[in-house]
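# Close look at the chain arrangement
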Amino acid sequence: MEPSDTEAVLAAYGRLAPHYDRRWSFYVRETLRETLGRLAIEPGERLLDVGCGTGALLQALSLSASGAKLSGVDASPAMLAVARRRVSAAVLLAQSPAERLPFGDAGFDVVVTTNAFHYFRRPLGALEEMARVLRPGGRLVLTDWCDDYLACRLCDLWLRAFDRAHFRTYGREECRRLLERAGFRVARIDRYKISWLWGLMTALARNPTAEVR
């Protein structure tokens, strides 16, 4: 990100953090439901939540995925402060942009990101970082707004014009191409509506990169 973009994102989420989950409760709940329904975690697996925000997904996984080793990163210290209050000390949290993850290679079995991808200024770079920290055969689960739906497309255009914190949204085929360029093997990308108006997509992919070197 350029410095002005970084400042815009941090300022926006500094203001939103204290009441984010209350203000967007339906959106958060439905996103978690759809993502968790596609995220089968085995005991002992190592999971990284990129753009973890207030830690809602990590909190849910702490309850439903017993024995999993959970970590999360987010660029916003204010959002991470909320996350720290809601998850146990066993969950590792770090302040970091998605494009520069503070972890070594092949350290995770699963990487998940929910409703953060449309903020990443370098989406390919962020996906390449996710592939780097995933073990061979590791799984990526990516949920985000889907530009194939008219409401999302119009919202994206408005936000690009008036909100510096926003970057852009993607359709299913654009998302597939980015994932493949980053080295992922895409299993499927589901599109669905969480209300009569708003649509999301969840991509399920594996990291084959290290397997074929």
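Throughout what follows, the structure given in this document is the object of discussion. (Residues numbered from 1 in each chain as written. Predicted model: local features only at pLDDT ≥ 70, side-chain atom pairs only at ≥ 80, totals over all residues. Heavy atoms only, no water.)

## Describing the overall build of the protein
Scanning the protein from N- to C-terminus turns up eight helices and seven strands. The C-alpha atoms of the protein give a radius of gyration of 16 Å, which matches the 17 Å a tight globule of 213 residues would have. Classification of the 213 residues of the protein by burial places 55% in the buried group. In the protein, of all internal contacts separated by at least 6 residues, the share reaching a separation of at least 24 is 67%. Accessible surface, the protein: about 10,100 Å² in total, of which carbon and sulfur atoms supply 54%. (Helix = DSSP H or I, 4+ residues; strand = E, 2+ residues; numbered from the N terminus. Rg over C-alpha atoms; globule rule 2.2 N^0.38 Å. Buried < 20%, exposed > 50% of the residue type's maximum accessible area, 1.4 Å probe, protein only. Contact = heavy atoms within 4.5 Å. Areas by Shrake-Rupley, 256 points an atom, 1.4 Å probe, with all protein chains shown as cover.)

## Some details on the nonpolar core
The biggest cluster of nonpolar side chains holds 74 residues, and the ones touching the most others in it are Leu47, Leu48, Val50, Leu127, Met130, Leu179 and Phe184. At six residues, helix α6 (residues 123–133) tops the list of elements feeding residues into this core. (Core = buried A, V, L, I, M, F, W, Y, C linked by side-chain atoms within 4.5 Å.)

## What to know about the packing of helix α3 (residues 25–36) against helix α4 (residues 56–64)
Between α3 and α4, the least distance of the axes is 10 Å, while the angle of their chain directions is 50 degrees. In terms of orientation, α3 lies oblique with respect to α4. Here α3 runs over α4; the crossing is right-handed. Between α3 and α4, the residues in contact are Val28, Leu32 and Leu36 and Ala56, Leu57, Ala60 and Leu61, respectively. Here the residues of the contact of α3 with α4 sort into seven nonpolar, no polar and no charged. (Axes fitted to C-alpha atoms, helices over the stretch in contact; angles between N-to-C directions. Parallel < 35°, antiparallel > 145°, perpendicular 65-115°, else oblique. Left-handed = near helix turned anticlockwise from the far one by under 90°. Nonpolar A, V, L, I, M, F, W, Y, C, P; charged D, E, K, R; others polar.)

## Describing the sheet that holds strand β7 (residues 199–206)
Reading across from one edge, β3-β2-β1-β4-β5-β7-β6 is the order of the seven strands in this open sheet, with mixed pairing throughout. Taken across any chain shown, the strands that pair with only one partner, and hence form the sheet edges, are β3 (92–95) and β6 (185–193). Strand-to-strand, the axes of this sheet are offset by a mean angle of 15 degrees, without reference to chain direction. Where strand β1 (residues 46–50) lies against strand β4 (residues 108–114), three bridges are found, and the strand directions are parallel. If you follow Leu48 over to β4, its bridge partner there is Val111. The strands touched by α6 within the sheet are β1, β4 and β5 (134–145), with β5 carrying the most contacts at an inclination of about 145 degrees. (Pairing = 2+ DSSP bridges.)

## Looking at the packing of aromatic side chains
By the definition in use, this model includes eight aromatic pairs. When the centroid spacing of 6.1 Å and the interplanar angle of 50 degrees are considered together, the rings of Tyr13 and Tyr20 count as tilted. Exposure remark for Tyr20: the relative accessible area of 12% places this residue in the buried category. Their ring planes at 85 degrees and their centres at 5.7 Å tell us that Phe117 and Phe120 sit as a pair that is edge-to-face. Here Phe117 and Phe120 have matching classes, each one buried. (Phe/Tyr/Trp six-rings, centres within 6.5 Å; stacked < 30°, edge-to-face > 60°.)

## Details of the pairing of strand β2 (residues 69–74)
Among the six residues of β2, five are classified as buried, and the element is accordingly described as predominantly covered. Of the pairings in the sheet, the one linking β1 to β2 comprises five bridges and is parallel in character. When the sheet's bridge partners are listed, Arg46 is paired in β2 with Lys69. Crossover handedness for the path β1 to α4 to β2: right-handed. (Right-handed = clockwise from strand over helix to strand, strands pointing away.)

## Structural notes on the pattern of salt bridges
Following the criterion strictly, the structure yields 16 salt bridges and no others. For Asp21, the salt bridge identified is with Arg86, shortest N-O distance 2.6 Å. Of this pair, Asp21 sits in helix α2 (residues 20–23) while Arg86 sits in helix α5 (residues 77–86), and the two are 65 residues apart along the sequence. On the basis of relative accessibility, which here comes to 22%, the residue Asp21 falls in the partly exposed class. For Arg86, a relative accessible area of 26% puts it in the partly exposed group. We note a salt bridge from Asp190 to Arg188, for which the minimum N-O separation is 3.0 Å. Residue Asp190 is classed as buried on the basis of its relative accessible area, which comes to 16%. Three or more residues are tied together by salt bridges with common partners; here these are Arg29, Glu30, Arg33, Glu34, Arg38, Arg188 and Asp190. (Salt bridge = Lys/Arg side-chain N within 4 Å of Asp/Glu carboxyl O.)

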